[in-house]
Amino acid sequence: MTRKLRAAGIWGTGLAVPERVLTNADLEKMVDTSDEWITTRTGIKERRIAADDEATSDLAAAAARHALTEAGVRAEELDLIIVATVTPDVSFPATACLVQMKLGAANAATFDLSAGCSGFVYALDMAVRAVESGAYNRVLAVGADILSRITDWTDRSTCVLFGDGAGSAVVGPVSEGRGLLATDLGAEGASGHLLTLPAGGSRKPASAETIQSREHFILMQGNEVFKFAVRIMGETTQTSLKKCGMGPDDIDVFVPHQANIRIIEAARKRLGLPEEKVFINVQSYGNTSAASIPIALDEAFRSGKIKDDDIVALVGFGAGLTWASAILRWGR
Ligand code: UT7
């Protein structure tokens, strides 16, 4: 049982994506693929690609500025910044430190976390627990990734899937009954090899050989991850719902990780949700990793789909393999 001093939830959200758009037609000129294959197998039509001088902390800071404005919080008021990413600017310092500098958030502690595409929900959970305990008051949770830098642009089985972006949320105390109601975070470390970046770490440092064998790019067994995703999305959502005495019918807006329209559709059917409750923007951005859920959440809110007191469910899966779901009652 956790000790909870007060309720905590999202005060404001924000997103940032690069300007450059890469369409399926562009990809047809790069690898042996087709708009028809990509659309029917994934639902993706286009994705954003970072400029050469753009790094993860740039997108993260831009998304954070939007969230701070929405929340009415000044950067100096932040006391903790958590950045979920698998593509930090550099191994160290943490991207959260770079975001702190860019925002001028001099009073914030900082750390990064690595949970793949589940990362933002992990960060949100940590942010909310920090505020609920009374230890922190204004926490910034960011999901940001530039997967284009670790994508093998000669591998058609992965290069059509990913895009770049960042999404963020400012977390603070909210009125009792609102905010984060329950989460379910988990991992299946034994399946980590299904989605990995093999070289460049302490196990296999960068060398001429690792470059030659293309081990600095994403290596994924797509169909195995697909099966895991379809199973876990429904299971973890049900677990979170049970924790707060709810069922799928109580969900007003379902915001899933935007990896593949077929995975989203399978999860929707397993939970018995009507189409209009599911927010989908995978067609515009592809899979933006840790940024996917907060980008979708921000778009869902700004388009008027999420209103005060709505029950919002966030659910993701990713490298680890990890999963994470969260149930929120929207509003302060
Ligand atoms: O955030 C977590 C990150 N990971 C994921 O979300 C990945 C989850 N997995 C998926 O979304 C799907 O497994 C994929 C979209 C990656 C692949 O879809 P699939 O239906 O599992 O296709 P497949 O890998 O079984 O491949 C089917 C065929 C193969 O050809 P053969 O062997 O049947 O002749 C592939 O070579 O499609 C071929 N193929 C392509 N064809 C055209 C694979 N990629 C492409 C491509 N264009 N881009």
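Up top is the structure these notes are about.
Residues numbered from 1 in each chain as written. Predicted model: local features only at pLDDT ≥ 70, side-chain atom pairs only at ≥ 80, totals over all residues. Heavy atoms only, no water.

1. Brief notes about the site of the ligand
Part 1: Neighbouring the ligand are 23 residues, the closest being Thr 33, Cys 117, His 257, Asn 260 and Asn 287.
Part 2: Arg 41 places a polar side-chain atom, nitrogen or oxygen, 2.8 Å from an oxygen atom of the ligand.
Part 3: If you list the elements that add at least two residues to the shell around the ligand, you get helix 2 (35-42), helix 6 (156-159), helix 8 (222-243) and helix 9 (261-271).
Part 4: A total of four residues in the shell around the ligand trace back to one element, the largest contributor, which is helix 8.
Part 5: Partitioned by chemical class, the residues of the shell around the ligand number 11 nonpolar, eight polar and four charged. (Near = heavy atom within 4 Å. Polar contact = N/O pair within 3.5 Å; in protein donor to acceptor, adjacent residues only side chain to side chain. Helix = DSSP H or I, 4+ residues; strand = E, 2+ residues; numbered from the N terminus. Nonpolar A, V, L, I, M, F, W, Y, C, P; charged D, E, K, R; others polar.)

2. With respect to the sheet that holds strand 6 (residues 139-146)
Part 1: Overall, mixed pairing links the five strands, which are arranged 1-7-6-4-5 in an open sheet. Every other strand in the sheet has two partners, leaving strand 1 (8-16) and strand 5 (109-113) as the edge strands with one partner each. Within the sheet, the average angular offset between the axes of one strand and its neighbour, ignoring direction, is 20°.
Part 2: Of the pairings in the sheet, the one linking strand 6 to strand 7 (residues 164-173) comprises eight bridges and is antiparallel in character. The residue bridging Ala 141 from the neighbouring strand is Ala 169, located in strand 7. (Pairing = 2+ DSSP bridges. Axes fitted to C-alpha atoms, helices over the stretch in contact; angles between N-to-C directions.)

3. Some remarks on the sheet that holds strand 12 (residues 311-318)
Part 1: Strands sit in the order 8-13-12-11 across an open sheet of four strands; the sheet is mixed. The open sheet has two edge strands with one neighbour each: strand 8 (179-187) and strand 11 (253-256). On average, each strand axis in the sheet is inclined to that of its neighbour by 10°, with strand direction left out of account.
Part 2: Relative to strand 13 (residues 322-329), strand 12 runs antiparallel, the two being bridged by eight bridges. Directly across from Gly 316, in strand 13, lies its bridge partner Ala 324.
Part 3: Strand contacts of helix 8: strand 8, strand 11, strand 12 and strand 13, with the helix running at about 35° to strand 13, the strand carrying the most contacts. (Contact = heavy atoms within 4.5 Å.)

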